[in-house]
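# Geometric and topological summary
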Amino acid sequence: MQPHGPGTTAAPRMRVTGLLLLVAHLLTVAWLTLRPRTVPWVPAANLEPLATIRAELARGWSWEVVQHLGGSVLLLAPLGVLLPLSAGRLNVSPLVSLTRTAFAGAMIALAIELLQSGVPGRVPDIDSVLLGTLGVAVAHLAVVPGARCRLRRRHGHLRDATPTIPRVALAPKADALSGSRTYL
């Protein structure tokens, strides 16, 4: 049974908002990355980690390089905030939260790349998974610990309060074994 009480979960409205924004973002990402493209030629799939990043950086710093690498980082970066927001937990270890969020981001990025292998004009690239996971982790580190700290401070007076349960009177004794029932 999950403990319920002040300070253990965020407000339900915040969770619902997080879930709605998460679904909207994932639908947008799917639309951007899984649409077929009409291209005359596609390169082979890249399964060697850091090969695309090294090739892009070898071209020198240009707007296309920044756009390609930065776009891969920024595409999934909102997940670093939306995944913990949709979970709604305030009292979580920062390391556990980062690990959980980065793993979920990596699995989403991997799923996108695997789905891209069946889409015409799209080529799977392992570096997109690495860059997407990096974006999720950086966004999480930049926003979530500070936001959780502020929310805990705001609701700190509720954390130390001991919940009280009103006394319930005992029901009258019933003779369950007698077999006699009286209906009035």
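Please read all numbers here as calculations on a predicted model, not as lab measurements. (Residues numbered from 1 in each chain as written. Predicted model: local features only at pLDDT ≥ 70, side-chain atom pairs only at ≥ 80, totals over all residues. Heavy atoms only, no water.)

This part is about the side chain of Ser72. In this structure, Ser72 sits in helix H3 (residues 63-76). Accessibility expressed as a relative area gives 15% for Ser72, which makes it buried. Within the structure, the side chain of Ser72 is placed 3.2 Å from the backbone oxygen of His68, a separation counted as a polar contact. Setting aside residues no more than four positions away along its own chain, Ser72 makes contact with Ser128, Leu131 and Gly132. (Helix = DSSP H or I, 4+ residues; strand = E, 2+ residues; numbered from the N terminus. Buried < 20%, exposed > 50% of the residue type's maximum accessible area, 1.4 Å probe, protein only. Polar contact = N/O pair within 3.5 Å; in protein donor to acceptor, adjacent residues only side chain to side chain. Contact = heavy atoms within 4.5 Å.)

It is the contact of helix H4 (residues 79-87) with helix H5 (residues 94-116), at a shortest axis distance of 10 Å, that shows an interaxial angle of 115°. Regarding H4 and H5, the two cross each other, and that crossing is right-handed. Only Thr101, Ala104, Gly105 and Ile108 of H5 make contact with H4, whose side of the interface consists of Leu79, Gly80, Leu83 and Pro84. In terms of residue class, the contact of H4 with H5 is made up of five nonpolar, three polar and no charged. (Axes fitted to C-alpha atoms, helices over the stretch in contact; angles between N-to-C directions. Left-handed = near helix turned anticlockwise from the far one by under 90°. Nonpolar A, V, L, I, M, F, W, Y, C, P; charged D, E, K, R; others polar.)

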